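Overview (structure and organization)
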Amino acid sequence: MKRLVILGGGESGVGAAILGKDKGFDVFLSDSGELSAAYAEVLRSEGIAYEEGGHSESLILNADEVVKSPGIAPTVPLVQKLIAQGTPIISEIELAGRYTKSKMVCITGSNGKTTTTKLITHILQEGGIDASPAGNIGRSLAYQVAREPHDVYVVELSSFQLENMYDFKANVAVLLNITPDHLDRYDYEMQNYIDAKFRIIRNMTGDDVFVYWQDDPVINAQLERVTTEARCCPFGESREEASAAYVNAENEMIINAANEPLAMPRADLALNGLHNLYNSMAAGLSAQLLNVKNADICRALGSFAGVAHRLEDLGEIGGVRWINDSKATNVNSCWYALESMPEGKNTVLILGGKDKGNDYSEILPLVRRKVKAIVAMGLHNEKIEEFFKDEVPVLESTHSLSDAVSACSRLSEPGDTVLLSPCCASFDLFTSYVNRGELFKQAVKNLQS
């Protein structure tokens, strides 16, 4: 019996453990931290051996294969020991892909992954297809393959997950964009990050389709270095002659990956903003490629409810609009949020958190045009203060959510928008971007009482 060791006891790790058990492996799960009560109970009920609070090397280095959590960096000493002795290390996605023949629609990019993944799932389900989200959202792919099989999986993939995928193959691969992110993971070398993202097209054949944003200079440069047998379906705002999706002169979004082109007025899209136009194009293309009817695609694109913590409108208080964009954990994501804000210097912007090697130059033109005040919110705000000190009329530094919200309330006036779009990871003050967003929503709600 082959020994399968799982490093990391979160959603992906527990799912991989269950799939490994069902396929007859001797499974052992190890987590350096404390497992959640729910996951620990699942492992006990399944009879899967596990440890928490540290790694026992003697129980790990004897593995025939290791499934590593995407959150564990390859530089961790234990991982380096496994590599040195030649133990294969794979991702949960790689493991799951071995045991299913379901179609895989895989989405990656620096920004827009979750929205596009949920939007594609919504369209496919509206079109009568048995589709389910997986990867970074919902139940793990491995668990679903083991216990809740579906005809199509819509898989959100981070660069971390792509690092340890080798034989896995997407039927439709969607690459939304590539901008600097997680560079601390990639030795601050952008090319290493780009290479990780492009692993999404590994193993694709002429029967598969690669959907990508054709106006991204990073993607275009990489496509000069790499090749794929897959059919290419690029999308962009206004390049009709070369695009599978574009906007025509009548301001209609055109999707043209199937026999009959789809035309839908941009005003009818449920999601607003330029970034969501691109997300809608990628989702519409993916749906057409899976033979969803145009009428079903249009209906779904017009009814989608959006994603929590991504440009989430919290309403107005005293004439001031409050927006929760906690999911904006990098500079490019904040750029799209600012792009969707009204013209004029009437935005109070909350920035800050754990810096990942950010270059704020990308948002500077929009900040100069639209932002009246910046409220820095983090344990270390020095970089933000130094960069923006001469760029906005007001810049205040705070070190807690309550102080940040109080400052925004004081600095804003009727007609303004307070935008939480931090550009940074959440881990200095919060447990996750979700935790940051939920606490922000509660703090805004408390302003009304």
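The following refers to the structure shown.

Reading the values: rules and limits
Residues numbered from 1 in each chain as written. Predicted model: local features only at pLDDT ≥ 70, side-chain atom pairs only at ≥ 80, totals over all residues. Heavy atoms only, no water. Phe/Tyr/Trp six-rings, centres within 6.5 Å; stacked < 30°, edge-to-face > 60°. Helix = DSSP H or I, 4+ residues; strand = E, 2+ residues; numbered from the N terminus. Buried < 20%, exposed > 50% of the residue type's maximum accessible area, 1.4 Å probe, protein only. Lys NZ or Arg CZ within 6 Å of the ring centre and 35° of its normal. Expected span 1.5 Å × (residues − 1). Arc of directions from axis to C-beta. Contact = heavy atoms within 4.5 Å. Pairing = 2+ DSSP bridges. Axes fitted to C-alpha atoms, helices over the stretch in contact; angles between N-to-C directions.

1. Thoughts on the packing of aromatic side chains
Inspection of the entire model under this criterion finds 9 aromatic pairs. Ring geometry for W322 and F440: centres 6.1 Å apart, planes at 45°, overall tilted. Of the two residues, W322 sits in strand 16 (residues 320–324) while F440 sits in helix 17 (residues 433–447), which places them 118 residues apart along the sequence. Judged by its relative accessible area of 2%, W322 is buried. These aromatic residues form a ring-pair network of at least three members: F198, F210 and Y212. Of note, R139 hangs over the ring of Y143, and the distance from its end group to the ring centre comes to 3.9 Å.

2. Side note on helix 17
Over its 15 residues, helix 17 extends 21 Å from the first C-alpha to the last, a length consistent with the 21 Å expected when each residue adds 1.5 Å. Along helix 17, the positions that sit buried rather than exposed are R436, G437, F440, K441, A443 and V444. Buried positions in helix 17, seen along its axis, are confined to an arc of 165° and lie on one side of it. Tucked into the core, helix 17 has its buried residues touching strand 15 (312–317), strand 16, strand 17 (347–351), strand 18 (371–377), helix 16 (401–411) and strand 20 (417–420).

3. Observations concerning the sheet that holds strand 19 (residues 394–398)
Read across the open sheet, the 6 strands follow the order 15-16-20-17-18-19; overall the sheet is mixed. The sheet terminates laterally at strand 15 and strand 19, the two strands that pair on one side only. The mean inter-strand angle of the sheet, taken between neighbouring strand axes irrespective of direction, is 20°. Judged from the 4 bridges that link them, strand 17 and strand 20 form a sheet pairing that is parallel. Residue pairing for strand 20: T347 is matched across the bridge by T417. Across the sheet, helix 17 is in contact with strand 15, strand 16, strand 17, strand 18 and strand 20; its angle to strand 16 comes to roughly 160°.

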